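Topology and contacts: notes
As a plain string of letters, each chain reads:
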Amino acid sequence: MKSLTLNAPAKINYLLDVIRRRPDGYHDLRMIMQRVNLCDEITITLTDTPEVAVTCGKKGVPDGPGNIAWKAARALLDLAGVGQGATIAITKNIPVAAGLGGGSSDAAAVLMGMNELLGLGLSDQKLMEIGLKLGADVPFFVFRKTALAEGVGEQLTVMPAMPPAWVVLVNPGVHVSTAWVYRNLQLKNRAELAKLPHFYGNIEDICSILSNDLEAVTIPAFPVIADIKASMMRLGALGAMMSGSGPTVFGLFRDRETAEMAADALTAGTGWFTAAVETM
Ligand code: ATP
């Protein structure tokens, strides 16, 4: 049986500007997306029967066709037109519905893995087109570079080189619905978007662009997010921001020791998910 195991990393948003509502109900965005090495582990095995089966065993993540990884596998099998199927085992390490893009990353890993296992030879461009139909963040995880993402997230440009950083992730586990956040968002009335630097020499340069329009909706409803940001800064972060529509907060740190001490301090007695990871 042909089989492949892949890591599917999480992402954080250094920047998330919501530019306009589109007639189709989606929003045009300007985002800077960065991968971090907190990863789901995905094992794909080709089978001789045409079905796709997903096992995950994580609360809140469907096992069958509701799983975005299932849809990704189905899309490539249908395109290949072969009688084979696949089993996909997901070890979920990325918190679910957390603003960390876990589902999208799983789908991208399955697209890339199935492309290889089936010997399809599809370009990244083609995989990104297929991925966009599954979710707006899927193309970014096929792109595999720190990116400026525009449109709904599908227009990707490589960012200038950015220095590596230690990243502390804290998810307080409150339930934030992405649809609810966008429904309640008051679009900013701005003449033009803030200009982005062309050069990022140190982590402070990254911190100078940290911004997320969705905090204006999520933080008033979940003040714990502001508390976590403040704690991160007290514990030595150079900058801290909410990722995506939340509720995960990330803090940027220069060194591993300070990052791990901050993660430990933020775990103590809270029951929150925390991790000290690195940018990729
Ligand atoms: P984003 O940052 O792109 O908004 P997210 O991190 O907030 O994503 P996900 O973890 O991708 O959100 O999950 C969103 C929803 O998708 C969950 O409620 C879950 O039921 C569903 N889902 C389907 N497949 C998966 C998967 N493989 N992993 C996680 N969630 C999945």
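Parameters and conventions
- Along each chain, the written sequence defines residue order, and numbers are assigned to residues from 1.
- Note on the predicted model: pLDDT of at least 70 is required for a residue's local features to be given, and 80 or more for side-chain atom pairs to be given and counted; whole-chain, interface and lining totals, by contrast, use all residues.
- The basis for every side-chain value is the complete set of non-hydrogen atoms in the structure, without hydrogens or water.
- Where each domain begins and ends follows an automated or database-derived domain assignment.
- Note on definitions: a residue-residue contact is assigned when non-hydrogen atoms from the two residues lie within 4.5 Å.
- Here the quantity called buried area is the accessible surface, traced with a 1.4 Å probe, that two parts lose on coming together, added over both.
- Both cavities and pockets are sets of points on a 1 Å grid over the protein atoms alone; in a cavity a 1.4 Å probe fits but cannot get out, in a pocket the set is open with protein on both sides within 12 Å along at least five of seven lines, and lining residues sit with an atom within 4 Å of a point.
- Grid points are joined across faces, edges and corners, and a volume is the space filled by probe spheres set on the points.
- Amino acid classes used here: Ala, Val, Leu, Ile, Met, Phe, Trp, Tyr, Cys and Pro are nonpolar; Asp, Glu, Lys and Arg are charged; the rest, including Gly, are polar.
- The disulfide criterion used throughout: a pair of cysteine sulfur atoms within 2.5 Å.
- When accessible area is computed with a 1.4 Å probe and restricted to protein chains, residues below 20% of their type maximum are described as buried, those above 50% as exposed, and intermediate ones as partly exposed.
- Note on pairing: two strands pair once DSSP finds at least 2 bridges between them.
- Here a strand is any run of E in DSSP of at least two residues, a helix any run of H or I of at least four, and the numbering for each starts at the N terminus.
- Axis definition: a line fitted to C-alpha atoms, over the contacting stretch in the case of helices. Angles run 0 to 180 degrees between N-to-C directions.
- Only four residue types enter the tally: Lys and Arg on the positive side, Asp and Glu on the negative side, with His and both chain ends excluded.
- Should a side-chain nitrogen of Lys or Arg be within 4 Å of a carboxyl oxygen of Asp or Glu, the pair is scored as a salt bridge.
- Pairs of N or O atoms are called polar contacts if they sit within 3.5 Å, as long as, within protein, a hydrogen donor faces a hydrogen acceptor (for residues adjacent in sequence, only side-chain-to-side-chain pairs).

**A word on the domain arrangement of the protein chain**
Its domain assignment divides the protein chain into domain 1 (3–157) and domain 2 (160–190 + 198–278). Put simply, the middle of domain 1 and the middle of domain 2, counted by C-alpha atoms, are 23 Å apart. Taken together, the contacts link 25 residues of domain 1 with 27 residues of domain 2. Interface of domain 1 and domain 2: buried area, both sides summed, is about 2,200 Å²; carbon and sulfur atoms make up 60% of it. Of all residues in domain 1, the largest losses of buried area upon contact with domain 2 belong to Tyr14, Leu16 and Val18, amounting jointly to 28% of the total for that side.

**Details of the layout of surface pockets**
Quantified by volume, the largest pocket comes out at close to 1,100 Å³. Along the wall of the largest pocket there are 39 residues; nearest its centre are Gly101, Gly103, Ser104, Asp137 and Thr178. Looking at the lining of the largest pocket residue by residue, the class counts come to 19 nonpolar, 16 polar and four charged. Both domains that meet at the lining of the largest pocket, namely domain 1 (3–157) and domain 2 (160–190 + 198–278), each give it at least three residues.

**Here we look at the state of the cysteines**
Taken as a whole and assessed by the stated rule, the structure comprises zero disulfides. In this structure cysteine 56 is a free cysteine whose sulfur lies 15 Å from that of cysteine 39, the closest cysteine sulfur available. Cysteine 56 gets classed as buried once you look at its relative accessible area, which sits at 15%.

**Section: the sheet that holds strand E10 (residues 249–253)**
On the basis of which strands lie adjacent, the open sheet formed by four strands has the order E9-E10-E7-E11 and antiparallel pairing. Among the strands making up the open sheet, the edge pair consists of strand E9 (239–242) and strand E11 (273–278). When strand polarity is set aside, the average angle formed by the axes of neighbouring strands in this sheet is 20°. Inspection of the sheet shows E9 paired to E10 by four bridges, in the antiparallel sense.

**Details of the environment of alanine 265**
The topology assignment puts alanine 265 in helix H9 (residues 256–267). Residue alanine 265 is classed as partly exposed on the basis of its relative accessible area, which comes to 41%. Considered as a pair, alanine 265 and tyrosine 14 are 251 residues apart in the sequence and their alpha carbons are 23 Å apart.

**Focus on the side chain of arginine 35**
You can see arginine 35 is positioned in strand E2 (residues 27–47). Despite its burial, arginine 35 pairs with no opposite charge, the nearest such side chain being aspartate 124 at 10 Å. From its side chain, arginine 35 meets the backbone oxygen of arginine 144 in a polar contact 2.9 Å long. Those residues in contact with arginine 35, other than ones at most four positions away along the chain, are Pro9, Ala10, Lys11, Phe140, Phe141, Arg144, Lys145, Glu278, Thr279 and Met280.

**A few points about unusual backbone geometry**
The amide bond that connects glycine 246 to the next residue, proline 247, takes the cis arrangement and shows omega of 0°. Residue position: proline 247 is located in the loop between E9 and E10. In this model, arginine 144 sits at a positive phi of 65°, which is unusual for a non-glycine residue. Mapped onto the fold, arginine 144 is located in the loop between helix H4 (138–143) and strand E5 (147–151). When its relative accessible area of 37% is taken as the criterion, arginine 144 is described as partly exposed.

**Comments concerning the side chain of threonine 146**
One can find threonine 146 in the loop between H4 and E5. Take threonine 146: its relative accessible area is 15%, and that puts it in the buried class. Reaching out from threonine 146, the side chain makes a polar contact with the side chain of glutamine 34 at a distance of 2.8 Å. If near-sequence neighbours (up to four positions away) are discounted, threonine 146 is found in contact with Ile32, Met33, Gln34, Thr157, Val158, Met159, Met162 and Met280.

**Quick notes on the pairing of strand E1 (residues 3–21)**
Pairing of E1 with E2 involves 17 bridges; the strand directions are antiparallel. In the strand pairing of E2, aspartate 17 is matched with arginine 30. Joining the antiparallel neighbours E1 and E2 is a turn of five residues, in which glycine 25 adopts a positive phi near 95°.

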